[in-house]
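Chain and residue survey
Given next are the chains, with one letter for each unit.
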Amino acid sequence: EGEVEGDVKGEGQGDEQDGENGETDGEVRRRVRDEVRDETDMEVQGEVLPLSVRLPLQLAGLILVHIVHCLAIVPLLLAALRLLYSHGLIALCLALPLLLALDAVAIVSVGISAKWTLIGRYKSGAHRIWSAYFLRWWLARRLMLPMQLVLRVTQGSPLSCALWRLLGAQIG
């Protein structure tokens, strides 16, 4: 009841002409599906690193990530405490926006440097998990995590476009 005949079995779909090149909807769907299938049938690149190599590399990466994350917040806290003890709470409140801006610049600098040093420009392709490329990608992503807050805060502003361009995005 209430079903249109042809919709139940998929009949009747794909018979409408596309105004641009005369292909039916079904032909367009098949062409797009074949194009997607061609893109997903890429050869997987990179060899899996042996466990004895990738484990120390990942452990060193985790240590580096934690050090960088601490370096993102520790200087801000030290500067705030020094300002608080030497000049008082009012001076800290007045200087806090400047301290946060300087911290954001440091965080963004580390994230952009990590991306370009470890990855460079991203290339499309399929890469094996635990390959050298995967470990570089993983480390770059972890080092760029603190930068995501800055990207969210600047979203919709001209500064956001500049940051994305520094990361390699082609905007506009």
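The preceding data block contains the structure.
Note that the coordinates shown come from a computational prediction; the quantities given were computed from them, not determined experimentally. (Residues numbered from 1 in each chain as written. Predicted model: local features only at pLDDT ≥ 70, side-chain atom pairs only at ≥ 80, totals over all residues. Heavy atoms only, no water.)

Our next topic: the overall build of the chain. Looking only at helices and strands, one finds six helices and two strands in the chain. Counting all 172 residues of the chain, 25% fall into the buried class. Contacts in the chain between residues at least 24 apart in sequence constitute 58% of all its contacts with a sequence separation of at least 6. (Helix = DSSP H or I, 4+ residues; strand = E, 2+ residues; numbered from the N terminus. Buried < 20%, exposed > 50% of the residue type's maximum accessible area, 1.4 Å probe, protein only. Contact = heavy atoms within 4.5 Å.)

The residue L51 is located in helix 2 (residues 51-87) in this model. Judged by its relative accessible area of 52%, L51 is exposed. Put simply, L51 and W130 are 79 residues apart on the chain and 8.9 Å apart in space, counted from C-alpha to C-alpha.

The final tally for this structure, using the stated rule, is two aromatic pairs. With 5.7 Å between their ring centres and 35° between their planes, F134 and W137 make a pair best called tilted. One end of the pair, F134, and the other, W137, are both in helix 4 (residues 132-144), three residues apart, so they sit about a helical turn from each other. For F134, a relative accessible area of 17% gives the class buried. Residue classification places W137 among the partly exposed positions, given a relative accessible area of 30%. (Phe/Tyr/Trp six-rings, centres within 6.5 Å; stacked < 30°, edge-to-face > 60°.)

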